[in-house]
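Commentary on secondary and tertiary structure
So the chains spell out like this:
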Amino acid sequence: MYRIVRKEVLAPGLKRFDVEAPLVARSARAGQFIILRLDEWGERIPLTIADLDPEQGTVTIIFQEVGKSTQLLGQLEEGEYIRDFVGPLGRPSHISQLGRVVMIGGGVGIAPIHPIAREMKRAGNEVISILGARNRQLLILEEEMKQASTEVLITTDDGSYGRKGLVTKVLQELIIHRSPINLVVSIGPLVMMEAVCRVTQAAGIKTMVSLNPIMVDGTGMCGACRVQVGAETRFACVDGPEFDGHLVDWKLARQRAQMFVAEEKQALQEHEERRKGGLGGCGCHCHQ
Amino acid sequence: MRLPLPSIEELKEARKSTRKRPMPSQDPLARMHNFAEVALGYSEEDALLEAARCLSCKKAFCQEGCPVDIDIPAFITKIKERDYLGAARKIKEKSNLPAICGRVCPQESQCEKYCIRGKKEEPVAIGRLERFVADYEIAQGKSDGTGVNSVERSTREPSRDSRVAVVGSGPASLTVAGDLARKGYAVTLFEALHVPGGVLMYGIPEFRLPERIVQHEIEGIRQLGVEIQTNVVIGSTITVDQLFQKGYVAVFLGTGAGLPYFMGIPGENLNGVYSANEFLTRVNLMKAYLFPTYLTPIKVGRRVAVLGAGNVAMDAARTARRLGAEEVSIVYRRSAAEMPARHEEIEHAKEEGVQLRLLTNPIEIKGDDAGWVKELVCLRYELGAPDESGRRAPIAIPGSEHSLEVDTVVVAIGQGPNPLITATTEGLIANKRGNIVAGENGETSRPGVFAGGDIVTGAATVILAMGAGKKAAAAIDRYLSEASHD
Ligand SMILES: Cc1cc2nc3c(=O)[nH]c(=O)nc-3n(C[C@H](O)[C@H](O)[C@H](O)COP(=O)(O)OP(=O)(O)OC[C@H]3O[C@@H](n4cnc5c(N)ncnc54)[C@H](O)[C@@H]3O)c2cc1C
Ligand code: FES
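Parameters at a glance
Residues numbered from 1 in each chain as written. Chains lettered and ligands numbered in written order. Predicted model: local features only at pLDDT ≥ 70, side-chain atom pairs only at ≥ 80, totals over all residues. Heavy atoms only, no water. Helix = DSSP H or I, 4+ residues; strand = E, 2+ residues; numbered from the N terminus. Contact = heavy atoms within 4.5 Å. Areas by Shrake-Rupley, 256 points an atom, 1.4 Å probe, with all protein chains shown as cover. Lys, Arg positive; Asp, Glu negative; His and termini not counted. Charge placed at Lys NZ, Arg CZ, Asp CG, Glu CD. Phe/Tyr/Trp six-rings, centres within 6.5 Å; stacked < 30°, edge-to-face > 60°. Buried < 20%, exposed > 50% of the residue type's maximum accessible area, 1.4 Å probe, protein only. Lys NZ or Arg CZ within 6 Å of the ring centre and 35° of its normal. Near = heavy atom within 4 Å. Polar contact = N/O pair within 3.5 Å; in protein donor to acceptor, adjacent residues only side chain to side chain. Nonpolar A, V, L, I, M, F, W, Y, C, P; charged D, E, K, R; others polar. Salt bridge = Lys/Arg side-chain N within 4 Å of Asp/Glu carboxyl O. Core = buried A, V, L, I, M, F, W, Y, C linked by side-chain atoms within 4.5 Å. Pairing = 2+ DSSP bridges.

1. Thoughts on the overall build of chain A
Counting secondary structure elements, chain A contains nine helices and 17 strands. For chain A, restricting intrachain contacts to residue pairs at least 6 apart in sequence, the fraction spanning at least 24 positions comes to 65%. For chain A, the exposed area adds up to about 12100 Å²; of that, 49% sits on carbon and sulfur atoms. Here chain A contributes 34 positively and 35 negatively charged side chains, and the mean placements of these two sets differ by 3 Å.

2. Digging into the packing of aromatic side chains
Summed over the entire model, instances satisfying the criterion amount to twelve aromatic pairs over all chains. Pairing Phe17(A) with Phe63(A) gives two aromatic rings, centres 5.2 Å apart and planes at 75 degrees, and the pair type is edge-to-face. Linking Phe17(A) in strand β2 (residues 14–20) with Phe63(A) in strand β6 (residues 58–64), this pair joins segments that are 46 residues apart in sequence. Grouping residues by exposure puts Phe17(A) and Phe63(A) together as buried. Considering the side-chain rings of Phe235(A) and Phe262(B), the 6.3 Å spacing of their centres and the 85 degrees angle between planes classify their relative orientation as edge-to-face. Taken together, the residues span two chains, with Phe235(A) in strand β16 (residues 232–235) and Phe262(B) in the loop between β5 (259–260) and β6 (273–275). Sitting over the face of the ring of Tyr248(B), Arg163(B) holds its NZ or CZ atom 4.3 Å from the ring centroid. If you follow Arg322(B) out to its NZ or CZ, it ends over the ring of Phe207(B), 3.8 Å from the centre.

3. A look at unusual backbone geometry
The residue after Ser179(A), namely Pro180(A), is reached through a cis peptide bond having omega -5 degrees. Positionally, Pro180(A) belongs in the loop between α5 (167–177) and β13 (183–187). Across the junction of Phe291(B) and Pro292(B), the peptide omega takes the value 0 degrees, indicating a cis bond. Position of Pro292(B) among the secondary structure elements: in the loop between α14 (276–283) and β7 (303–307). Positioned with a positive phi, Leu141(A) is a non-glycine residue whose angle comes to about 60 degrees. As for its position among the elements, Leu141(A) is in the loop between β10 (126–133) and α4 (142–148). Assessed through its relative accessible area of 9%, Leu141(A) is described here as buried. A positive phi angle is found at Asp69(B), which is not glycine, with a value near 65 degrees. Mapped onto the elements, Asp69(B) comes out in the loop between α4 (61–64) and α5 (72–80).

4. Things to note about the site of ligand 1
Residue and element names in this part refer to chain B. In the vicinity of ligand 1, 34 residues are found, and the nearest of them are Val104, Glu191, Arg208, Ile234 and Asp454. Between ligand 1 and Glu191, the relevant distance is 2.6 Å, taken from an oxygen atom to a side-chain nitrogen or oxygen of the residue. Note that a nitrogen atom of ligand 1 is positioned 2.8 Å from one of the backbone N or O atoms of Ile234. Burial of ligand 1 by the protein amounts to 95% of the accessible area it has alone, namely 1000 Å². Counting only elements with at least two residues in the shell around ligand 1, the list comes to α10 (171–182), α15 (311–322) and α19 (462–482). Looking at the shell around ligand 1, the element that brings in the most residues is α15, giving three residues. Its residues assigned to classes, the shell around ligand 1 comprises 18 nonpolar, eleven polar and five charged.

5. Digging into the pattern of salt bridges
Taken as a whole, this structure holds 57 salt bridges over all chains when the rule is applied. A salt bridge links Glu65(A) to Lys15(A); its shortest N-O distance comes to 2.7 Å. One end of the pair, Glu65(A), is in the loop between β6 and α2 (68–74); the other, Lys15(A), is in strand β2, and 50 residues separate them in sequence. Under the relative-accessibility criterion, Glu65(A) is labelled partly exposed at 24%. Residue classification places Lys15(A) among the buried positions, given a relative accessible area of 13%. Salt-bridge contacts for Arg31(B) lead to Glu352(B); the nearest nitrogen and oxygen are separated by 2.5 Å. Remark: Glu352(B) occurs in the loop between α16 (343–351) and β9 (355–357) and Arg31(B) occurs in helix α2 (residues 28–31); sequence separation between them is 321 residues.

6. A look at the nonpolar core
The biggest cluster of nonpolar side chains holds 71 residues, and the ones touching the most others in it are Ile72(B), Phe75(B), Ile76(B), Ile79(B) and Ile476(B). At nine residues, α19(B) tops the list of elements feeding residues into this core. Filtering out sequence-adjacent residues up to four positions away, Ile79(B) remains in contact with Ala47(B), Leu48(B), Ala51(B), Tyr84(B), Ala87(B), Leu129(B) and Val133(B). In this structure, Leu211(A), Ala192(B), Leu376(B) and Val409(B) belong to the second largest nonpolar core, which totals 50 residues.

7. Quick notes on the environment of Val283(B)
Residues and elements named next belong to chain B. Assignment of secondary structure puts Val283 in helix α14. With a relative accessible area of 0%, Val283 lands in the buried category. Through-space distance from the C-alpha of Val283 to that of Gly203 is 8.9 Å; in sequence the pair is 80 residues apart. Other than its neighbours up to four places away in sequence, Val283 contacts Phe35, Ala288, Tyr289, Ile298, Thr319 and Leu323.

8. Some words on the pairing of strand β12 (residues 392–396) of chain B
All names here are of chain B. Pairing of strand β11 (residues 373–386) with β12 involves four bridges; the strand directions are antiparallel. Paired with Glu382 across the bridge in β12 is Ile395. In textbook terms, the turn of a hairpin is the stretch between consecutive antiparallel strands, and for β11 and β12 this stretch comprises five residues, one of which, Gly390, has a positive phi near 85 degrees.

Rendered as structure tokens:
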């Protein structure tokens, strides 16, 4: 059992937990992820690590409530427990001194980009971060990213904060005015990462992306997390989650993300109906 | 109320029977809609009548066929004497997990293959008798999976200072942990998943090996004082070197063969293609058959093709039937004689309507526009001269290309070793397939590090993993006694 020592609502549907998991906190590095299971009935949910505190023994996760599983997770309160919490999984980000690097975080993808930006800056890089969100309310970790970067540029889809538009527009301008850029790291929705890669490929800038495909065990045992990178099939949980974005087969990644959409919808629907019916809105299983 | 037991006459009659006493089983039509155990187990009467068939050979060939050398005639004699706990004790001199082995061992290629009666008629049903004895013991509350019965045991404190780390929790690791704990070592078992049991929990389905049985055995090991830490990935959460730094004086690696192989044909990453490990893990470990009460989903279409013909393939095919697939076929490039699955599993699968497409090999999986599996393109094969494995080599028939319409494909062509530990442990030698190189007693290239089970042999069997565990436990005990780490 893993205790939630701190809970914070960052934005509607976006939550932050600091979870007591000392072994993970001491061994994890930027770029790696954990898998948690809420309770006996839960799925194994992979979440990229947003921060670590080895002294306190806590691991920070930030998640968006999208399906039933993440909604139930979001209902847990400070002091409550998560049944299973395993990690660190996957390979850490490759941190080295390269010169000028651009970190691009979209939506909840800002959370995992944060520790990478911090390490990159610590390693002596000039770190320009581009943060994208749908609107001002959904923009997270602005202060933390300012600390972790040399410079932060913000875009929102609706123009409610920072520049209006997509991260790629800002990226294109950077490429024109701030050359050379030695590396781009991009984490966010698949479409965003793909769009970033299109831009950087044309400009010949190496780009790493962090993929979060469907997973089960997260240890290389099932192959649910297969992605096509160049000519090879790789398991994102052990070979990734970061890959050279220019080699990723994005169409396939998008397709595979659809695999259980119908089932997820079904679970969510039943969950919401039960809630409306006043039966076990707590989401526990005692009311079935 | 107990049933009247067989009379002397009935036993005499039974002794002459040329056939095994049939295993009471769930009706195929009924069981296709549930995940309850298929084979129900012998009654006491069945067991006595079957035991009567055993000739108690002086030179017991059956025993030679047993990878862990169980004194088979002796335990069957105990059954004849109605001393079932005595029979269990006899088995447990050599095997820690009889309730499991009695259910999943490939007896037809081991003990029963060498049974004298088997030369002319059906051999004695040794496996079924083993299961009867083990289940009897569990029902009496007298088993803890380690050969000590509950009367002799209570939750124990280790009597020695030497701490041993056991990695993984499949049959190899469970055996090492149980044997060393009984010798008084302080044992910690580390498992990457959220429950212990290895393949017994995530791979072999409930209808063949109920979770209840596996967890019973694990509970027994816990009661011996073994500390079980789940959610710890050795090589990542803690490395092997860190285990030694933390004060463990010996490490056993029983991490199994958990890396699924794919065929490497086009279309294998389409939606609807699973590795058998994924398919079975979703259903067994994550209980997707109870979705959405359990939140892990699984999707099976109407028509399912399972590639491969081992136990794993049979389990996947039978699981697919239970999940509602109408047409399930095993696609295998050799013939029936070469199918590696246990005979009983193949029979059960056929009874449940699983079709065998033999001498057929897939060369491509085709999908629809949205990326979902649609058809499996195959070639037909014929058997040629024997190859290096001694089996007749399958040869493709030119122009035999044809397609099967399918919605789901499960790839069950084998598993290899997970490279995490070898990649993170200095000085631990693996062979070119990635299996850890270990000696007769599990000793590896790193002093104090032992290994056994599928991680050494490649995917094999429960009994072989358990046997390797027994040898390694003895070797670890010798190593620690000699090195006087105490
Ligand atoms: C579907 C299926 C059906 C089978 N049917 C039969 C059958 O009928 N009869 C039979 O005899 N055999 C059968 N087998 C084979 C048999 O189950 C295996 O040979 C046996 O379980 C191997 O035991 P093991 O102890 O070596 O490892 P496993 O049972 O594979 O256990 C290894 C454990 O180690 C854990 N692990 C791996 N890496 C790490 C790490 N780095 N840190 C911590 N933990 C780790 C894994 O999560 C796993 O729990 C079957 C196998 C499968 C997959
Ligand atoms: S999630 Fe199972 S292999 Fe990656």
